[in-house]
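Each chain, letter by letter, is given below.
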Amino acid sequence: MENIRKDTTVIENIGKILLNTKRPLKERLRALFTLRNIGGQMQDPLAVSKLESVLQDTTEEPIVRHEAAEALAAIGEKSSLPLLRKYVNDPCIEVAETCQLGVQKMEESDANESISLENPFHSVDPAVPLSKGSYNSINHLENILLDQSEPLYRRYQAMFSLRNMNSKESAIAIAKGLTCGSALFKHEIAYVLGQMQNDATVKQLSQVLLDESEHEMVRHECAEALGAIATEECMEILNRYIKDEKRVVRESCEVALDMCEYENSKEFQYANALIKAV
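Residues numbered from 1 in each chain as written. Predicted model: local features only at pLDDT ≥ 70, side-chain atom pairs only at ≥ 80, totals over all residues. Heavy atoms only, no water.

Peer 1: Kindly report on the UniProt feature "binding site: Fe cation 2" (unreviewed entry) in the chain, identifying the contributing residues and their values.
Peer 2: The UniProt feature table records "binding site: Fe cation 2" (unreviewed entry) at H187, E188, H220 and E221. Maximum C-alpha separation among the annotated residues is 11.1 Å over a sequence range of 35 residues, consistent with a single clustered spot. Classification of E188 by relative accessible area gives buried; the value is 2%. Not counting residues within four places of it along the chain, the set of residues in contact with E188 comprises E70, P126, Y156, M159 and F160. Examined against the element boundaries, H220 turns out to sit in helix 14 (residues 216-229). On the basis of relative accessible area, H220 is assigned to the buried category, the value being 10%. Those residues in contact with H220 that sit more than four places away from it in its chain are I63, V248, V249 and S252. (UniProt positions renumbered as here; feature names shortened; annotations may be inferred. Buried < 20%, exposed > 50% of the residue type's maximum accessible area, 1.4 Å probe, protein only. Contact = heavy atoms within 4.5 Å. Helix = DSSP H or I, 4+ residues; strand = E, 2+ residues; numbered from the N terminus.)

Have a look at this one:
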């Protein structure tokens, strides 16, 4: 990866794959993650202007506007706060809740810096875990997570506290969140389960993917989580929904199956395959 960083021609060619809509989706996603891995989960202020434009475009898909708002909060430029505040009551609930979470995280960022450093997954999350003195067990955190009368940000904090424990018991507790709350909340639950890659949650993730009445935002994230867990059972389920009526779901299944191949391969597939191609 260090050699890629130094080779601007390779980086440019990987970028061309990303932008080429005629290339298979899985190749474009490999390009995306290769570029991300070069720079980390980027948090690059150069992206702020484009992200703000996407958030303000109400003709854009809600899932895209949500991701733009979440990215702005992750980058953490204080200049983005007024715009995030503007959309805390957006008609699209997924966008509104994302902005609410982003505003709270950015307003508390200085106080929470030391807690954020304790994340064993090294991801930039939409909320920081609860301080260790504010809970006493997995069951306590689970109760906060599932209590819909609690503020959304606090429920997210409980989620990330459970994730950082990274045990079978904490994964099962998180998976219970797939049955309650908004689409945004359940989508984040699925994302976190994908990070943990614990096969104890395959049944719960599969049930949501198979529920065609569930929001596509949630089903897509469940598909990707199954791809990260990458058992034979996961692959069988993903193959069943690779022609789903919802585009975001079927494309997620396609990408997830590619992830399964990567997880079961000894090669660093997402980067190596692209470097050979360019």
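From this point, the discussion proceeds with the structure in view.
Peer 1: Tell me about empty space enclosed by the protein, and name the residues and values.
Peer 2: Evaluation of the coordinates by the stated rule reveals one cavity of 30 Å³ or more. Roughly 40 Å³ of volume is contained in the largest cavity. In terms of lining, the largest cavity is formed by E70, A73, T98, L101, G102, K105 and P126. Elements represented by at least two residues in the lining of the largest cavity include exactly helix 5 (62-75) and helix 7 (93-107). Counting residues per element, the lining of the largest cavity draws most heavily on helix 7, at four residues. (1 Å grid on protein atoms, 1.4 Å probe; cavity = no way out; pocket = protein on both sides within 12 Å on 5 of 7 lines; lining within 4 Å. Points joined across faces, edges and corners; volume = space filled by probe spheres on them.)

Peer 1: Describe the pattern of salt bridges, naming the residues involved and giving the relevant values.
Peer 2: Enumeration over the complete set of coordinates arrives at nine salt bridges. The salt bridge involving K176 is made with E142; its shortest N-O contact spans 3.1 Å. One end of the pair, K176, is in the loop between helix 11 (168-175) and helix 12 (183-196); the other, E142, is in helix 9 (residues 138-146), with 34 residues separating them in the sequence. Exposure remark for K176: the relative accessible area of 38% places this residue in the partly exposed category. On the accessibility criterion, E142 (13% relative accessible area) is buried. Taking the shortest distance from any N to any O, the salt bridge between K186 and E214 comes out at 3.0 Å. You can see K186 sitting in helix 12 and its partner E214 sitting in the loop between helix 13 (202-210) and helix 14, a full 28 residues away along the chain. Relative accessible area serves as the criterion here: at 12%, K186 is assigned to the buried category. Note on E214: relative accessible area 16%, which makes it buried. (Salt bridge = Lys/Arg side-chain N within 4 Å of Asp/Glu carboxyl O.)

Peer 1: Explain unusual backbone geometry residue by residue, including any values.
Peer 2: Of note, H122 is a non-glycine position whose phi angle comes to about 60 degrees, a positive value. Tracing the backbone through its elements, the reader meets H122 in the loop between helix 8 (109-116) and helix 9. The backbone of N166 sits at a positive phi, close to 55 degrees, despite the residue not being glycine. Along the chain, N166 turns up in the loop between helix 10 (152-165) and helix 11. Looking at N166, the relative accessible area reads 43%, which means it is partly exposed.

Peer 1: Before we move on, could you go through the packing of helix 13 against helix 14 and cite the residues and values that matter?
Peer 2: The N-to-C vectors of helix 13 and helix 14 enclose an angle of 145 degrees; their axes lie 8 Å apart at closest approach. Once helix 13 is placed against helix 14, the crossing between them reads as left-handed. On the side of helix 13, the interface is formed by V202, L205, S206, V208 and L209, while helix 14 contributes V218, R219, C222, A223, A225, L226 and I229. Taken together, the residues that form the contact of helix 13 with helix 14 break down as 10 nonpolar, one polar and one charged. (Axes fitted to C-alpha atoms, helices over the stretch in contact; angles between N-to-C directions. Left-handed = near helix turned anticlockwise from the far one by under 90°. Nonpolar A, V, L, I, M, F, W, Y, C, P; charged D, E, K, R; others polar.)

Peer 1: So what's going on with the nonpolar core? Residues and values would help.
Peer 2: One finds Y156, L205, L209 and L238 to be the most contacted residues of the largest nonpolar core, which totals 51 residues. If you list the elements that add at least two residues to this core, you get helix 9, helix 10, helix 11, helix 12, helix 13, helix 14, helix 15 (232-240) and helix 16 (247-263). A total of eight residues in this core trace back to one element, the largest contributor, which is helix 12. Those residues in contact with L238 that lie beyond four places of it in its chain are L209, A223, L226, G227, C253, A256, L257 and C260. (Core = buried A, V, L, I, M, F, W, Y, C linked by side-chain atoms within 4.5 Å.)

Peer 1: Tell me about the environment of E97, and please be specific about residues and values.
Peer 2: In this structure, E97 sits in helix 7. Linking E97 and Y87, residues 10 residues apart in sequence, is a C-alpha distance of 9.0 Å. If we ignore the near neighbours within four places in the chain, the residues touching E97 are L152, S182 and L184. A distance of 2.7 Å separates the side chain of E97 from the side chain of S182, its partner in a polar contact. (Polar contact = N/O pair within 3.5 Å; in protein donor to acceptor, adjacent residues only side chain to side chain.)

Peer 1: Mind laying out the confidence of the model for the chain, listing which residues take part and the relevant values?
Peer 2: Scored by pLDDT, the chain has a mean of 85; 79% of the residues are at 70 or more. Contacts from residues 273-277, a stretch scored under 50 in pLDDT, to residues over four places away or in other chains number nine contacts. (pLDDT = per-residue confidence, 0-100.)

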